[in-house]
Amino acid sequence: MLRASWVSTIGNTILSLLKLVIGFITGSLAVISDGIDSATDIVVSIVMIFTSRIVNRPPDRKYVYGYEKAEAIASKILSFVIFYAGVQMLITSVKATFWGAERTVPDMMAIWVTIFSIGGKLVLSLYQFRAGKRIESQMLIANAKNMRNDILISCSVLVGLFFTFILKAPILDSITGVIISFFILKTAITIFLDSNTELMDSVKDTAIYDTVFEAVDATDGAKNPHRVRIRTTGGMYLISLDIEAEGNCSLNQAHEISNNVEQNIRQRIENVYDIRIHVEPEGTVHSNEKFGIERTV
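An account of the accompanying structure is given in this report. These numbers come from a predicted model, not from an experiment.

1. Topic: helix α7 (residues 208–217)
Then comes step 1: Among the residues of α7, those classed as buried are Ile208, Tyr209, Val212, Phe213, Ala215 and Val216. On an axial view of α7, the arc spanned by its buried residues comes to 160 degrees, and they lie on one face.
Then comes step 2: In the core, the buried residues of α7 are packed alongside β1 (223–233), β2 (236–245) and α8 (251–268).

What follows is the structure, encoded as structure tokens:
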């Protein structure tokens, strides 16, 4: 994760500086907007570098589950940074579109730097995605998706510049800046919502609970799965559940049933970090329990 973060930081710094410098030289608001979007990626990458150091710390007496959730917290902070950049760019673009002074058609350099940016972002996005999949880092994968959006943004800039040159209408450059601002805001909102999954101890795909119930059904001696709780940390599942077994079975038999349930769950669900199973005598009366779910008929 650390190496991928450094590659992302260096690559985005080069692309951002190029687009900002060329944008100011050529007078293209759309290219400047694209440069600001790349600048937010620099902030993302820098935060990823610091976050990777925190995530790699071993569990201690204060954080017995480790530091993996630092990644989700960092993602939440980054969503606010990106949202702020998007709002500022939107305000600037709207002002330039409706109340800006007379503008000239941007120079051809704006087109060339945009084409270069598209190629560079494509390489960085593929690298980040593969690295994220390899080490199962949700933050790297999210950053790769963010860069994929950047490619679409740069393509819209390229289209805007093309029509600006063809139609000789500089206002199209400002309108493109407005469109890009909405892309930036959408990215910020998506990152904000995605980070809620881990911070709120939830899962994206609730069908995973049905998979747990199926695993229990496939285990001899295991009955009535209930109080099932699943959450994620560091992109991995932590599963807790209660099951019932024959009341007269021995402790060794109950332990074997519990192990078989765990094996069946792991065979059906990938990226499982830990499974905690509590065995109760069959027919145990359960009071209203605040946490966890039962099978719905």
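2. Overview of the layout of surface pockets
Then comes step 1: Looking at the second largest pocket, its volume works out to about 280 Å³.
Then comes step 2: Every residue lining the second largest pocket is counted, 14 residues in all, and those nearest its centre are Arg229, Ile230, Arg231, Leu238 and Ser240.
Then comes step 3: Elements represented by at least two residues in the lining of the second largest pocket include exactly β1, β2 and β3 (272–281).
Then comes step 4: When residues of the lining of the second largest pocket are assigned to their parent elements, the largest contribution, 4 residues, is made by β1.
Then comes step 5: Class assignment for the residues of the lining of the second largest pocket results in 7 nonpolar, 2 polar and 5 charged.

3. Considerations on the packing of aromatic side chains
Then comes step 1: Tallied over the full model, the rule gives 2 aromatic pairs.
Then comes step 2: Ring centres 4.9 Å apart and planes at 50 degrees place the aromatic pair Tyr63 and Tyr67 in the tilted group.
Then comes step 3: On the numbers, 5.7 Å between centres and 80 degrees between planes, the contact of Phe80 with Phe192 is edge-to-face. Within this pair, whereas Phe80 is found in helix α3 (residues 70–98), its partner Phe192 is found in helix α6 (residues 171–199), the two being separated by 112 residues in sequence.
Then comes step 4: Sitting over the ring of Phe192, Lys76 keeps its end group 3.7 Å from the ring centre.
Then comes step 5: The aromatic ring of Tyr65 is capped on one face by Arg231, whose charged end is 4.5 Å from the ring centroid.

4. Observations concerning the sheet that holds β3
Then comes step 1: Taking strand neighbours across the sheet as the criterion, the 3 strands line up as β1-β2-β3 in an open arrangement whose pairing is mixed. Looking at the sheet topology across the chains shown, the edges are occupied by β1 and β3. Strand-to-strand twist in this sheet, taken as the mean axis angle between neighbours without regard to direction, amounts to 15 degrees.
Then comes step 2: Of the strand pairs in this sheet, β1 and β2 are connected by 7 bridges, and their pairing is antiparallel. Looking across to β2, one finds that Arg229 is bridged to Ser240.
Then comes step 3: Seen against the sheet, α7 touches β1 and β2 and runs at an angle of roughly 140 degrees to β1.
Then comes step 4: Sitting on the sheet, α8 is in contact with β2 and β3, with an inclination near 145 degrees to β3.

5. So, helix α4 (residues 109–135)
Then comes step 1: Given a rise of 1.5 Å per residue, 27 residues ought to cover 39 Å, and the 39 Å separating the end C-alpha atoms of α4 matches this to within 8%.
Then comes step 2: When we look at burial in α4, the residues that qualify are Ala110, Ile111, Val113, Thr114, Ser117, Ile118, Lys121, Leu124, Ser125, Gln128, Ala131 and Gly132.

6. Examining the environment of Asn149
Then comes step 1: Inspection of the secondary structure puts Asn149 in helix α5 (residues 138–167).
Then comes step 2: What makes Asn149 partly exposed here is its relative accessible area of 24%.
Then comes step 3: Remark: the alpha-carbon pair of Asn149 and Lys186, spanning 37 residues in sequence, is separated by 9.8 Å.

Scoring rules and cut-offs
Residue indices begin from 1 for each chain and proceed along its sequence in written order. In view of the model being predicted, local features appear only for residues whose pLDDT reaches at least 70, and side-chain atom pairs are presented and counted only at 80 or more, with totals across whole chains, interfaces and linings using the full set of residues. Water and hydrogen atoms play no part in the side-chain values, which are based on all heavy atoms of the structure. The rule is simple: take the accessible area with a 1.4 Å probe, protein chains only, and divide by the maximum for that residue type; under 20% is buried, over 50% is exposed, in between is partly exposed. Strands are runs of DSSP state E lasting at least two residues, helices are runs of H or I lasting at least four, and both sets are numbered from the N terminus onward. Arc definition: it is the arc formed by the directions from the helix axis to the C-beta atoms. Any two residues whose heavy atoms approach within 4.5 Å are treated as being in contact. The pocket and cavity definitions rest on a 1 Å grid over protein atoms only: a 1.4 Å probe that fits but cannot leave marks a cavity, an open set with protein on both sides within 12 Å along at least five of seven lines marks a pocket, and residues lining either have an atom within 4 Å of a point. Grid points are joined across faces, edges and corners, and a volume is the space filled by probe spheres set on the points. Under the convention adopted here, Pro, Cys and the residues Ala, Val, Leu, Ile, Met, Phe, Trp and Tyr are nonpolar, Asp, Glu, Lys and Arg are charged, and Gly plus all remaining residues are polar. The rule is short: rings of Phe, Tyr and Trp, with Trp giving its six-membered ring, pair when the centres are within 6.5 Å, and they are stacked under 30 degrees, edge-to-face over 60, tilted in between. A ring is scored as having a charge over it whenever the NZ atom of a lysine or the CZ atom of an arginine sits within 6 Å of its centre and within 35 degrees of its normal. A pair of strands is considered paired only if DSSP assigns at least 2 bridges between the two. Lines are fitted to the C-alpha atoms to define the axes, a helix being fitted only along its stretch in contact, and any angle between axes, read from their N-to-C directions, falls within 0 to 180 degrees. Every helix has an expected span of 1.5 Å times one less than the residues it contains.

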